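# Structure assessment
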Amino acid sequence: MTSVSIHDTGALFQIAEPTDQRRAQRRPGRGIGIDLGTTNSLVALAPHGAAPRVLRDSSGSGLVPSVVAYTADPPLVGRAAQALQAEHPAQVVSSVKRLMGRGLADITFAHPYHLSEETPGLLRLDIGSADAPRRVTPTEVSAAILRELKLRAEAELGEPCDGAVITVPAYFDDAQRQATRDAGRIAGLQVYRLLAEPTAAALAYGLDRGGEGLFAVYDLGGGTFDVSILRLHKGVFQVLATGGDSALGGDDFDRALAAHLLKKSGVAEPSRHQLDGARLAARAAKERLTEETVTRVTLAGLPELELTRGEFEALIEPLAQRTLRACRQALKDAGLRAPELDGVVLVGGSTRVPKVRELVAEAFKRPPLADIDPDEVVAWGAAIQADILSGSAREGVTLLDVVPLSLGLETMGGIVEKIIPRNATIPIAARQVFTNYAEHQTGMVIHVVQGERELARDCRSLARFDLKGIPRLPPSMARVEVTFQLDADALLTVSARELMTGVRQSVEVKPTYGLSEEEVDRLVMDSLDHAGDDYARRNAAEARVELGRVVLALRTALAEVGHLRELLPDDERARLEAALAAADAAMADPDALADPLNRARTALEKVSEPFARRRMERALNAGMAGKSLHDIERALADDEALHEKRAGHTPELLEPEEP
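To start, this report covers the structure provided alongside it. (Residues numbered from 1 in each chain as written. Predicted model: local features only at pLDDT ≥ 70, side-chain atom pairs only at ≥ 80, totals over all residues. Heavy atoms only, no water.)

If you walk across this open sheet you meet the three strands as β7-β6-β8, and the pairing is antiparallel. Edge positions in the sheet fall to β7 (76-77) and β8 (92-94), since each has one partner strand and no second. In the sheet, strand β6 (residues 67-69) pairs with β8 via three bridges, with the strands oriented antiparallel. The residue of β8 that forms the bridge with Val67 is Ser94. Along the sheet, helix α3 (residues 138-157) makes contact with β6, β7 and β8, crossing β6 at roughly 105 degrees. (Pairing = 2+ DSSP bridges. Helix = DSSP H or I, 4+ residues; strand = E, 2+ residues; numbered from the N terminus. Contact = heavy atoms within 4.5 Å. Axes fitted to C-alpha atoms, helices over the stretch in contact; angles between N-to-C directions.)

Before going further, it helps to spend a moment on helix α9 (residues 354-364). Given 3.6 residues per helical turn, the α-helix brings residues three or four places apart onto the same face. Turning to α9, its buried residues number three or more, namely Lys355, Val356, Leu359, Val360 and Phe364. Buried residues of α9 fall within an arc of 150 degrees about the axis and therefore sit on the same side. In this fold, the buried residues of α9 make contact with β14 (213-220), α6 (250-264), α8 (309-334) and β19 (343-347). At the exit of α9 stands Lys365, carrying a positive phi of roughly 65 degrees. (Buried < 20%, exposed > 50% of the residue type's maximum accessible area, 1.4 Å probe, protein only. Arc of directions from axis to C-beta.)

Looking now at the packing of α8 against α9. Where α8 meets α9, the axes come as close as 9 Å, and the angle between the chain directions of the two elements is 35 degrees. Regarding α8 and α9, the two cross each other, and that crossing is right-handed. On α9, the residues touching Arg309, Glu313, Ile316, Glu317, Ala320, Gln321, Leu324, Cys327 and Leu331 of α8 are Pro354, Lys355, Leu359, Ala363 and Phe364. Here the contact of α8 with α9 is built from residues that sort into nine nonpolar, one polar and four charged. (Left-handed = near helix turned anticlockwise from the far one by under 90°. Nonpolar A, V, L, I, M, F, W, Y, C, P; charged D, E, K, R; others polar.)

The strands that make up a sheet pair up through hydrogen bonds in the backbone, lying either parallel or antiparallel. One open sheet accounts for four strands, arranged β22-β21-β25-β26; its pairing is antiparallel. Every other strand in the sheet has two partners, leaving β22 (415-420) and β26 (460-468) as the edge strands with one partner each. Strand-to-strand twist across the sheet, computed as the mean angle between neighbouring axes with direction ignored, equals 30 degrees. Note: strand β21 (residues 407-411) against strand β25 (residues 443-450), three bridges, orientation antiparallel. The partner of Leu409 across the bridge, within β25, is Val448.

Two side chains carrying opposite charge are able to pair once their charged atoms lie near each other. In total, this model carries 26 salt bridges according to the counting rule given. For Glu306, the salt bridge goes to Arg296, with nearest N and O atoms at 3.2 Å. Of this pair, Glu306 sits in strand β18 (residues 305-308) while Arg296 sits in strand β17 (residues 294-297), and the two are ten residues apart along the sequence. Of the charged contacts, one joins Asp571 and Arg575 as a salt bridge, the two residues approaching to 3.8 Å between their closest N and O atoms. Placement of both Asp571 and Arg575 in helix α13 (residues 570-588) is noted, with a separation of four residues, approximately one turn of the helix. Taken together, the shared-partner salt bridges in this structure form one network comprising Asp251, Asp254, Arg283 and Lys286. (Salt bridge = Lys/Arg side-chain N within 4 Å of Asp/Glu carboxyl O.)

Pasting the structure below:
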């Protein structure tokens with residue numbers, strides 16, 4: 001099938017949700033904001049337009065370690081679970097955010113868990129004992145953390161909360177976002193919406209200060225790095241571009257420092273116990289060096305060491321420089337230069353490192369904004385948005401995020417037709433009209449893919465569904481409109497409708513797992529590295545489809561005329577058969593480029609032209625037999641009107657309809 005894109009500019013809409021009807025069902029001031037983190041999570045309130053505040057425990061800490069211990073029923077969450085981790089490593093789950101929305105094949109990093117996939121795409125962790133086997137999904141583990149945060153909020157409110165805004169990394173794909181939403185529902189929360197973490201941080205700074213302009217949000221957490229470029233204007237937060245490194249974070253600083261400490265202590269081949277101890281010591285030293293220039297470090301059974309901030313900074317500078325490459329790419333994607341920005345917002349505990357702040361200031365030509373605790377700023381933004389969506393009388397805010405990877409369909413020849421491009425603003429709707437490839441085709445397979453490559457086999461498959469009931473029409477005559485709808489949470493719905501009959505089919509794309517964060521980065525980089533090869537392969541695929549269409553049409557015509565020599569003399573038939581054989585040979589080469597395929601099609605069209613003309617003349621003579629001149633003139637007038645209506649249309653491509 002072939003197509004033409006129709007991006008529906010009218011489908012961009014404000015996320016000033018909910019509607020009046022939904023707002024009436026919510027309780028103002030009872031919405032909570034949740035930062036569901038890899039290492040720690042937080043919950044915050046900003047009721048009735050008040051300034052946001054993180055809810056704290058009796059010791060004054062707002063951080064809830066994202067750790068769940070299945071040593072009791074119900075499971076323990078937070079510091080109590082963390083205390084059991086060394087004693088029960090198989091029954092205590094941490095960093096579950098790294099497993100959300102993933103399948104077994106996606107888990108390539110080291111972890112202490114026994115993972116299984118009884119149902120394809122549904123990951124499970126074995127957290128039971130020999131006497132009581134038990135398996136849980138990452139979504140269930142996240143739900144336990146969310147339930148703990150919900151209980152903390154309800155203790156503060158004195159009554160049940162109404163709903164929540166939960167933050168997710170900017171690079172979370174459709175599967176990971178859906179898994180997060182499902183975790184909220186399991187925890188008993190009405191999820192108002194999912195909010196990208198960089199956008200939440202900008203929301204906290206923008207409303208708190210009344211700030212406007214162009215901002216970068218630099219988010220360096222324990223396991224990942226994200227950067228987003230946003231435009232803030234009169235309460236509208238629009239993400240212009242995102243980037244990052246999903247395999248880089250504060251944990252990498254700890255590992256580099258731990259290796260340095262072990263080497264400095266003369267430990268050439270450390271044991272697993274020594275490695276774990278060194279990483280804990282490295283993390284503590286890193287935190288002390290935020291305020292101090294020299295610290296002392298003691299590893300178990302080894303002499304005390306002196307560590308300077310300069311040593312630490314030399315170790316981590318190559319890692320920190322990697323974040324700046326992602327920043328430069330995000331600026332390029334947004335069409336901006338660093339001096340054009342009005343500010344840089346720091347998010348994540350790892351941005352407390354002085355060297356990180358120094359490099360960020362150098363890269364963006366200004367000191368970064370870090371007045372709000374970088375651990376808490378995301379929760380602040382989530383709380384503000386939750387208060388708006390609960391129905392409080394706070395000035396409305398529109399948040400416009402972007403799509404991290406392009407979404408499209410597979411067409412004939414395995415070619416990807418991108419319908420929603422990477423970095424398109426969401427929510428968004430885009431539609432595209434497809435036509436049939438073969439005569440009497442009565443159905444189409446709608447294959448939804450995600451990625452930046454030109455061929456479907458190089459992208460990630462998200463969903464497939466069939467559209468049946470297409471009327472039997474000649475090639476390129478059927479009209480099937482496919483619509484992609486991305487909502488405010490970047491969750492995708494795809495529908496297809498045959499325009500003549502109104503036959504319709506749709507699917508809400510809910511893969512049980514999706515792209516890993518590493519795959520997101522890899523797919524984006526692959527699209528740049530292989531751009532030339534990809535376009536050459538795409539051109540070859542298109543040429544193959546066109547040649548196949550001509551071959552199919554000619555063979556159908558030959559079968560219809562049989563051996564009528566008045567239409568096709570023997571010598572001409574021989575030339576046609578030779579040209580068909582040459583076309584078959586060209587298509588038989590799987591690595592054939594576009595040029596030889598196009599030459600074969602041109603040769604086939606040239607040799608078949610006299611035959612096609614005679615068939616047309618015969619059809620016209622048969623059509624005029626027994627008709628009056630008036631009938632013929634009226635038929636010609638109808639044909640001319642139809643031709644004018646289709647003026648400028650190629651046989652396969654339609655002009656865009658009005659949105």
